[in-house]
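# Observations on chain architecture
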Amino acid sequence: MEQKMFVSPLHKDPRLPELYDLYARKRAAQDRIRALKKRIQATHDVLQMEELKSRKRVLRRLGFTTADDIVDVKGRVACEISTGDELLLTELIFNGVFNPLAPEHSAGLLSCFVFTEKVRAPRKKSWDAILTIL
């Protein structure tokens with residue numbers, strides 16, 4: 001190992017102390033960056049925990065979960081709905097909005113909740129599937 005050290009071009013370089021100091025400062029800066037990233041992540045975790053608590057409180061107030069954070073019937077219905085407005089649609093169902101409506105009116109109202117994703121370019125696979133059907 002010592003032989004490798006003596007063979008190294010840096011061993012007799014007159015700038016070795018300066019280079020070593022630069023390397024030590026670089027390592028210290030990297031350690032500081034790592035510590036700051038950990039602090040940022042810890043702060044982010046706290047913020048997410050506060051948001052989670054707020055969301056759980058809203059679900060409890062709306063009756064989707066119990067006081068013990070157990071999902072209730074209303075919450076299970078909301079879980080089965082696959083639109084962007086699960087809570088709103090579940091409230092409409094449980095408040096009986098659809099009861100007096102005719103089927104075509106119910107379909108019209110439900111069509112407002114259909115989620116359509118904006119796609120920039122059509123997928124090649126979907127076009128191939130359409131062409132094979134035709």
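### Here's the deal with the nonpolar core
- In terms of nonpolar packing, the biggest core is built from 5 residues, these being Ile 81, Leu 89, Leu 92, Phe 98 and Phe 113.
- When near neighbours in sequence (up to four residues on either side) are disregarded, Phe 113 contacts Thr 83, Asp 85, Leu 88, Leu 89 and Leu 92.

### A word on the packing of helix H3 (residues 73-80) against helix H4 (residues 86-94)
- Contact pair H3 / H4: the axes reach a minimum separation of 9 Å and the direction vectors enclose 125°. Our classification of the angle between H3 and H4 gives oblique. The two elements H3 and H4 meet at a crossing, and its hand is right-handed. Contact residues: H3 offers Val 73, Lys 74, Val 77 and Ala 78, while H4 offers Glu 86, Thr 90, Glu 91 and Phe 94.
- Tallied by class, the residues present in the contact of H3 with H4 amount to 4 nonpolar, 1 polar and 3 charged.

### Some details on the packing of aromatic side chains
- According to the stated counting rule, one finds 0 aromatic pairs in the structure shown.
- Here the basic side chain of Lys 74 rests over the ring of Phe 64, its NZ or CZ set 5.4 Å away from the ring centre.

### Overview of the side chain of Thr 65
- Following the sequence through the fold, Thr 65 ends up in the loop between helix H2 (16-62) and H3.
- Among the polar contacts listed, one links the side chain of Thr 65 to the backbone nitrogen of Arg 60, at a separation of 3.5 Å.
- Apart from the residues lying within four places of it in its own chain, the contact partners of Thr 65 are Lys 56, Leu 59, Arg 60, Ile 70, Val 71 and Asp 72.

### Section: the confidence of the model for the chain
- When the pLDDT values of the chain are averaged, the result is 85; 85% of them are 70 or greater.
- Averaged over each element, pLDDT in the chain is lowest for helix H6 (residues 124-133) (60) and highest for H2 (93).

### Side note on unusual backbone geometry
- Positive phi, close to 60°, is recorded for Asp 69, a residue that is not glycine.
- In this fold, Asp 69 is placed in the loop between H2 and H3.

About the thresholds
Residues numbered from 1 in each chain as written. Predicted model: local features only at pLDDT ≥ 70, side-chain atom pairs only at ≥ 80, totals over all residues. Heavy atoms only, no water. Core = buried A, V, L, I, M, F, W, Y, C linked by side-chain atoms within 4.5 Å. Buried < 20%, exposed > 50% of the residue type's maximum accessible area, 1.4 Å probe, protein only. Contact = heavy atoms within 4.5 Å. Axes fitted to C-alpha atoms, helices over the stretch in contact; angles between N-to-C directions. Helix = DSSP H or I, 4+ residues; strand = E, 2+ residues; numbered from the N terminus. Parallel < 35°, antiparallel > 145°, perpendicular 65-115°, else oblique. Left-handed = near helix turned anticlockwise from the far one by under 90°. Nonpolar A, V, L, I, M, F, W, Y, C, P; charged D, E, K, R; others polar. Phe/Tyr/Trp six-rings, centres within 6.5 Å; stacked < 30°, edge-to-face > 60°. Lys NZ or Arg CZ within 6 Å of the ring centre and 35° of its normal. Polar contact = N/O pair within 3.5 Å; in protein donor to acceptor, adjacent residues only side chain to side chain. pLDDT = per-residue confidence, 0-100.

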